[in-house]
Amino acid sequence: NGSVAPSSSNGSNSAHQQTVTIDEWYALAEKCTIKKEDALAALQFMADVGVVFHFRSNPDASIAASIAPKNPTNANANVSDEGGLDNVIILDPQWIADLLSTVISLKHNYIREGVLESSVLPQLWKTYPVELHQSLIALLKRFEIVLPMASAGKFIVPSMLPTDDTPLMKLW
């Protein structure tokens, strides 16, 4: 149909799509006859001015290094950050605000005494695609909204820690 709109994760075109992968970004650019390095430069500019959000694992890397083919045996190859956050482009800044409000909220009891368990993510983020949950956790970790605990699959949410004299607060 000549459309270059990104498709949603279920394959249907959606006016409300919130994310695209970096590969989808490049495919859209290619459909518009935009070179890969120009598409990356546009992405960086749009991220710098806050129109979209994109986090590269090495923000100081040059554009040329970012678009070079990655060789997994090369020790100098870019390594994706935890959760694949560098592969996700968030198209709507409000979406991130909504994500933050799912964690920092008194409207639910998924976070008990300042601890978020991975097992509650499907309920907490039922409106977010499951395949993005690890990237969303990586985003929250990047902004220090959550901090990983030694116990696998658990995170401290500092803003949700109780202020009273609980065992966790004694450790904190």
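Parameters and conventions
- Residues numbered from 1 in each chain as written.
- Predicted model: local features only at pLDDT ≥ 70, side-chain atom pairs only at ≥ 80, totals over all residues.
- Heavy atoms only, no water.
- Patch = residues over 30% accessible without salt bridge, like charges linked within 9 Å, V, L, I, M, F, W, Y side chains within 5 Å.
- Areas by Shrake-Rupley, 256 points an atom, 1.4 Å probe, with all protein chains shown as cover.
- Salt bridge = Lys/Arg side-chain N within 4 Å of Asp/Glu carboxyl O.
- Helix = DSSP H or I, 4+ residues; strand = E, 2+ residues; numbered from the N terminus.
- Buried < 20%, exposed > 50% of the residue type's maximum accessible area, 1.4 Å probe, protein only.
- Axes fitted to C-alpha atoms, helices over the stretch in contact; angles between N-to-C directions.
- Parallel < 35°, antiparallel > 145°, perpendicular 65-115°, else oblique.
- Contact = heavy atoms within 4.5 Å.
- Nonpolar A, V, L, I, M, F, W, Y, C, P; charged D, E, K, R; others polar.
- pLDDT = per-residue confidence, 0-100.
- Core = buried A, V, L, I, M, F, W, Y, C linked by side-chain atoms within 4.5 Å.
- Pairing = 2+ DSSP bridges.

**Things to note about a nonpolar patch on the surface**
- There is a patch of nonpolar side chains on the surface, built from Phe45, Val49 and Val51 and spanning about 290 Å² of accessible area.
- Considering the arrangement of structural elements, one finds valine 51 in the loop between helix H2 (36-48) and strand E2 (53-54).
- Of the residues examined, valine 51 reaches a relative accessible area of 43% and is grouped as partly exposed.

**Points about the packing of helix H4 (residues 93-103) against helix H6 (residues 133-142)**
- Closest axis-to-axis distance for the H4/H6 pair is 11 Å, and the angle between their directions is 85°. Comparing the axis directions of H4 and H6 gives the class roughly perpendicular. On H6, the residues touching Trp95, Ile96, Leu99, Leu100 and Val103 of H4 are Leu136, Leu139 and Leu140.
- A per-class count over the contact of H4 with H6 returns 8 nonpolar, no polar and no charged.

**Describing the confidence of the model for the chain**
- The predicted model of the chain averages 76 in pLDDT, with 70% of residues at 70 or higher.
- Per-element confidence in the chain is highest for helix H1 (residues 22-31), whose mean pLDDT is 94, and lowest for helix H3 (residues 63-67), whose mean pLDDT is 43.
- Confidence drops under a pLDDT of 50 for residues 1-15, and excluding neighbours within four residues, the segment shows 22 contacts in the predicted structure.
- Counting contacts from residues 61-81, a segment whose pLDDT is below 50, to residues more than four positions away or on other chains yields 23 contacts.

**Regarding the nonpolar core**
- Residues Val103, Leu116 and Trp125 are the most contacted members of the largest nonpolar core, which totals 26 residues.
- Those elements giving two or more residues to this core turn out to be strand E3 (88-90), H4, helix H5 (121-124) and H6.
- In terms of residue count, H6 provides more of this core than any other element does, 5 residues in total.
- With sequence-adjacent residues up to four places away left out, valine 103 is seen in contact with His108, Ile111, Leu124, Trp125, Leu140, Ile145, Val146, Val157 and Met160.
- Membership of the second largest hydrophobic core comes to 10 residues, among which are Val20, Trp25, Ala39 and Ile89.

**Remarks on the sheet that holds strand E6 (residues 147-148)**
- Read from one edge to the other, the open sheet built from 4 strands follows the order E4-E5-E7-E6, with strand pairing classed as antiparallel. Only two strands of the sheet have a single partner each, and these edge strands are strand E4 (111-112) and E6.
- Pairing of E4 with strand E5 (residues 115-117), which is carried by 2 bridges, proceeds in the antiparallel orientation. Along E5, the bridge assignment pairs arginine 112 with valine 115.

**Some details on H6**
- Most of H6 is tucked away, with 8 of its 10 residues classed as buried.
- Buried residues of H6: His133, Ser135, Leu136, Ile137, Ala138, Leu139, Leu140 and Lys141, and no others.
- Here the buried face of H6 lies against E3, H4, E5, H5, E6 and strand E7 (154-156).
- Directly beyond the C-terminal end of H6, a positive phi value near 55° is found at glutamate 144.

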